Amino acid sequence: MKMLMHCHSGVEKGLKKGGNPIEVMGLMLGRPDPDTPKTLVVTDVFPLPIEGFETRVIADDQDVVNYMIELGESLERTRKEKFMGWYHSHPFDVGINSHCFLSQTDLTTQLQWQRAEDPHGNPFLAVVIDPLRSLAKNVPEMKAFRAYPPEYNSPVPNECPDGSVIADEQARLERWGSCWSRYYELDVETYMSGSARNVMGILTNNFLWMRTLGSTPMLETENRDRFPDRVASAADKVRDLDLVKHGGAGGGAGGGMGAGGWGGMADPFADAFGQSLGGGRGRSTRGLGAQAARGMA
């Protein structure tokens, strides 16, 4: 929750300035689990006075380095845990995919940490948080990563950090960034108390547009895939009804049809079509439907 609140503060700060959300960074305190040493337990986090830019966070400022040294020395006297990872945010627009990935700068930073800490029995990890998606979905959106050694090459072609294989290069880049083959994902388990969920709800209420955007059905892959078929089906129905309507109008007075095309009666399809779109009825609705039919023809 401290990580989420810190990342949220970067979003809020950037928007208040009239610009884009700001990336933030912090360090994680923790230890390996004594029962399962390959499991890393994060017990606390500490924000750093760093503001970043899209896909990169800069942490080489001397003031920041001095701050990190002083913080480490202070924690050595008061805590038994060690710094065992770092986190930062990717506050990009909510979309189909999560923005939890490592950029080239992130990967370089992670390799430096691993080379410095791993030989001392302190495996270092990187956590990336997508704060806008977390607020929109009302659940923490975060992923943990480790970098492969530079000489490592996966034996599986097109293998992504989560172990999946994506043949399409553009899809790999959109999901995992340009360094998709140089790092791997770790499983993450989180626990959120009742009070933490209340805080999450408060944060989300401050950005209701995020929840609306995040819950929009058209953002879901399956709905986006089905949308062209649904439009084509609606266009076919419009085309069929237009043919029936014009055929009836061609009958002249004997057909009992007036200039309006339905002999003074309400157009039943216009009502149904207008209601399905949440409004818009009558001739204007039929015109939109006919235009869609011509565009799909």
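Definitions and cut-offs
Residues numbered from 1 in each chain as written. Predicted model: local features only at pLDDT ≥ 70, side-chain atom pairs only at ≥ 80, totals over all residues. Heavy atoms only, no water. Salt bridge = Lys/Arg side-chain N within 4 Å of Asp/Glu carboxyl O. Helix = DSSP H or I, 4+ residues; strand = E, 2+ residues; numbered from the N terminus. Buried < 20%, exposed > 50% of the residue type's maximum accessible area, 1.4 Å probe, protein only. 1 Å grid on protein atoms, 1.4 Å probe; cavity = no way out; pocket = protein on both sides within 12 Å on 5 of 7 lines; lining within 4 Å. Points joined across faces, edges and corners; volume = space filled by probe spheres on them.

**A short note on the pattern of salt bridges**
In a structure, side chains of opposite charge can pair up when their charged atoms sit close to one another.
And step 1. Considering all chains together, one arrives at six salt bridges under this definition.
And step 2. A salt bridge links D44 to K2, with the nearest nitrogen and oxygen atoms 2.8 Å apart. Of the two residues, D44 is situated in strand β2 (residues 40-52) and K2 in helix α1 (residues 2-16); the sequence distance between them amounts to 42 residues.
And step 3. Owing to a relative accessible area of 45%, K2 belongs among the partly exposed residues under this scheme.
And step 4. With a closest N to O distance of 3.2 Å, R79 and D44 form a salt bridge.

**Some words on the layout of surface pockets**
And step 1. Here the largest pocket defines a volume of roughly 930 Å³.
And step 2. What lines the largest pocket is a set of 33 residues, and nearest its centre among them are L40, V42, V188, E189 and T190.
And step 3. At the level of elements, α1, β1 (23-32), β2, β4 (125-129), β5 (142-147) and β6 (183-186) are the ones that each hand at least two residues to the lining of the largest pocket.
And step 4. In terms of residues, the lining of the largest pocket owes the most to one element, β2, which gives six residues.

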